[in-house]
Amino acid sequence: MNDATPLTRRTLVHIGGVTAAGAGALLLAACTSDGAGGAGSGGSGSGSSGGGGKTTVALSSIPVGGAVSASIGSAPIVVSQPTAGKVVAFSAVCTHQGCTVAPQGKEFDCPCHGSRFDGTTGDVLNGPARDPLPKLTATVSGDTVTVTS
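Residues numbered from 1 in each chain as written. Predicted model: local features only at pLDDT ≥ 70, side-chain atom pairs only at ≥ 80, totals over all residues. Heavy atoms only, no water.

### Some details on the state of the cysteines
Thinking step 1. Scanning all chains against the criterion turns up one disulfide.
Thinking step 2. Across the disulfide, Cys 99 is cross-linked to Cys 112 (sulfur-sulfur distance 2.1 Å). In this structure the cystine formed by Cys 99 and Cys 112 twists about its S-S bond by roughly -105°; its chirality is therefore left-handed. Within this pair, whereas Cys 99 is found in the loop between strand 5 (86-91) and strand 6 (102-104), its partner Cys 112 is found in the loop between strand 7 (107-109) and strand 8 (116-118), the two being separated by 13 residues in sequence.
Thinking step 3. Cys 110 takes part in no disulfide bond, and the closest cysteine sulfur, belonging to Cys 94, lies 3.9 Å away.
Thinking step 4. We classify Cys 110 as buried; its relative accessible area is 6%. (Disulfide = S-S within 2.5 Å. Helix = DSSP H or I, 4+ residues; strand = E, 2+ residues; numbered from the N terminus. Buried < 20%, exposed > 50% of the residue type's maximum accessible area, 1.4 Å probe, protein only.)

And the structure:
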């Protein structure tokens, strides 16, 4: 059968998995936001989501007191600039159920279940998430921010 219809999250949840490990991976995939890096990916990714990857973002693209979405390979991240020249970065994968959080002013909001995270520390402001977003290493060199996982 050569059906060109794409697999949707609903279909994945409905059919489940062939093995226990496959079912877990399918259900986790069903909780992400269609593979998108949140509200507009900003940055060029290289590396992989398995760790050790890096990406760069123009410092001028990150508003002071705000943040942007980007990715390292296929892994979504958020990069914020709490004060001029100070940059921090976090995984954009919500610690509740794996949805992709998006920058909203000085915080990161999860569209799936309403968790909110502090844009400076990654700490939980509002659950159901209990754990902070994992922090990444961000370094500034001129007008370029390099984020490594």
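### Here we look at the confidence of the model for the chain
If pLDDT is low for a region, its predicted coordinates should not be looked at in detail.
Thinking step 1. Chain-level statistics for the chain give a pLDDT mean of 74 and a share of 66% at 70 or above.
Thinking step 2. Least confident of the elements in the chain is helix 2 (residues 20-30), whose mean pLDDT is 36; most confident is strand 5, at 95. (pLDDT = per-residue confidence, 0-100.)

### Re the pairing of strand 5
Thinking step 1. Counting buried positions along strand 5 gives five out of six residues, so the element sits mostly inside the fold.
Thinking step 2. Note that strand 4 (residues 75-83) and strand 5 share five bridges and pair antiparallel. When the bridges of strand 5 are listed, Val 78 appears paired with Phe 90.
Thinking step 3. The antiparallel hairpin formed by strand 4 and strand 5 contains two residues in its connecting segment, where Gly 85 sits at a positive phi of about 85°.
Thinking step 4. With two bridges joining them, strand 5 and strand 10 (residues 135-141) adopt antiparallel strand pairing. Among the inter-strand pairings, Phe 90 is bridged to a residue of strand 10, identified as Lys 135. (Pairing = 2+ DSSP bridges.)

### Details of the side chain of Ser 115
Thinking step 1. Residue position: Ser 115 is located in the loop between strand 7 and strand 8.
Thinking step 2. For Ser 115, a relative accessible area of 1% puts it in the buried group.
Thinking step 3. When near neighbours in sequence (up to four residues on either side) are disregarded, Ser 115 contacts Cys 94, His 96, Phe 108, Asp 109, Cys 110, Asn 126, Gly 127, Pro 128 and Ala 129. (Contact = heavy atoms within 4.5 Å.)

### A closer look at the environment of Ser 60
Thinking step 1. Relative to the helices and strands, Ser 60 resides in the loop between strand 2 (54-58) and strand 3 (66-72).
Thinking step 2. Take Ser 60: its relative accessible area is 61%, and that puts it in the exposed class.
Thinking step 3. When the C-alpha atoms of Ser 60 and Val 145 are compared, they prove to be 9.5 Å apart, with 85 residues separating the residues in sequence.

### What to know about the sheet that holds strand 8
Thinking step 1. Strand order in this open sheet of four strands is 6-7-8-9, and the pairing throughout is antiparallel. Strands at the two margins of the open sheet, each flanked by one partner only, are strand 6 and strand 9 (124-126). Averaged over all neighbouring strand pairs, the angle between strand axes comes to 35°, with direction disregarded.
Thinking step 2. With three bridges joining them, strand 7 and strand 8 adopt antiparallel strand pairing. (Axes fitted to C-alpha atoms, helices over the stretch in contact; angles between N-to-C directions.)

### Digging into the pairing of strand 2
Sheet faces and side chains relate simply in a regular strand, where the side chains alternate between the two faces.
Thinking step 1. Taking every second residue as pointing to the same face, the buried face of strand 2 carries Thr 55 and Val 57, while none of Lys 54, Thr 56 and Ala 58 on the other face is buried.
Thinking step 2. Across five bridges, the pairing between strand 2 and strand 11 (residues 144-148) is antiparallel. Residue pairing across strands places Lys 54 opposite Thr 148, the latter belonging to strand 11.

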